[in-house]
Amino acid sequence: MGNIRKLTNEDPDFYQLMGPFLSRREIVKELGFPVWDEDGKTWYLYLGTQGDVQGFAATRPESKGTLFCSAYVLPKHRKQRIYEALILARLTDNPGVCLTTATQASRRSLERHGFTAVKKIGSYTRMRREVL
């Protein structure tokens, strides 16, 4: 079992850990958009026992709440509840309003954690979770 490490692009080893995944062709093809970094994002990396990145996700503050974005689990590490662990880590750090755009694959996991569909956009669904 791995652990989750939280960091930003100001951490000295950020690009060493995340660089191989930023705008990577196969990830863009699967998600439908690139994973990119920008100031203000907080990243959650799921690290294996050897310190290898097995999955990652980010949050970014927005005027209407916290945006959950850039979530991805490497294919060989899927079906190990890594995506669930990344959702829980982000929810723990971000009470209140959370927003995301879900793929068909991620929608059920997000619904289990209280997200509801707001709007359908092509094959994606805008979702929202609010904890008062």
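To keep things clear, this report deals only with the structure shown in the data block. In this text, all values refer to a predicted model and were calculated from it rather than measured experimentally. (Residues numbered from 1 in each chain as written. Predicted model: local features only at pLDDT ≥ 70, side-chain atom pairs only at ≥ 80, totals over all residues. Heavy atoms only, no water.)

**Looking at helix 3 (residues 82-93)**
- Across its 12 residues, helix 3 extends 17 Å between first and last C-alpha, which sits within 8% of the 16 Å expected from 1.5 Å per residue.
- Every buried residue belonging to helix 3 is among Ile82, Tyr83, Glu84, Leu86, Ile87, Ala89, Arg90 and Leu91, and all of these are buried. (Helix = DSSP H or I, 4+ residues; strand = E, 2+ residues; numbered from the N terminus. Expected span 1.5 Å × (residues − 1). Buried < 20%, exposed > 50% of the residue type's maximum accessible area, 1.4 Å probe, protein only.)

**Focus: the environment of Trp43**
- Note on placement: Trp43 falls in strand 2 (residues 42-47).
- Using a relative accessible area of 0% as the deciding quantity, one classes Trp43 as buried.
- C-alpha separation for the pair Trp43 and Ala58, spaced 15 residues apart in sequence, amounts to 4.3 Å.
- What Trp43 contacts, discounting residues up to four positions off in sequence, is Arg5, Lys6, Leu7, Phe14, Met18, Val35, Trp36, Asp37, Phe56, Ala57, Ala58 and Ser70.
- Within the structure, Trp43 has its side chain in polar contact with the side chain of Asp37 (distance 3.1 Å). (Contact = heavy atoms within 4.5 Å. Polar contact = N/O pair within 3.5 Å; in protein donor to acceptor, adjacent residues only side chain to side chain.)

**Here we look at the pattern of salt bridges**
- Evaluation of the coordinates by the stated rule reveals nine salt bridges.
- Of the charged contacts, one joins Arg60 and Glu38 as a salt bridge, the two residues approaching to 2.8 Å between their closest N and O atoms. Taken together, the residues span a long stretch of sequence, with Arg60 in strand 3 (residues 53-62) and Glu38 in the loop between helix 2 (25-31) and strand 2 at a distance of 22 residues.
- It is possible to trace a salt-bridge network through shared partners that takes in Glu38, Arg60 and Glu62. (Salt bridge = Lys/Arg side-chain N within 4 Å of Asp/Glu carboxyl O.)

**Here we look at the nonpolar core**
- In terms of nonpolar packing, the biggest core is built from 20 residues, with Met18, Phe21, Ile27, Trp43, Leu45, Val53 and Phe56 touching the most fellow members.
- Elements with a contribution of two residues or more to this core: helix 1 (14-18), helix 2, strand 2, strand 3, strand 4 (65-73) and strand 5 (97-102).
- Sequence-distant contacts of Phe21, that is, excluding residues within four places in its chain, are made with Ile27, Val35, Val53, Phe56 and Leu74.
- Listed in part, the 16 residues of the second largest apolar core include Tyr46, Ile82, Cys98 and Met127. (Core = buried A, V, L, I, M, F, W, Y, C linked by side-chain atoms within 4.5 Å.)

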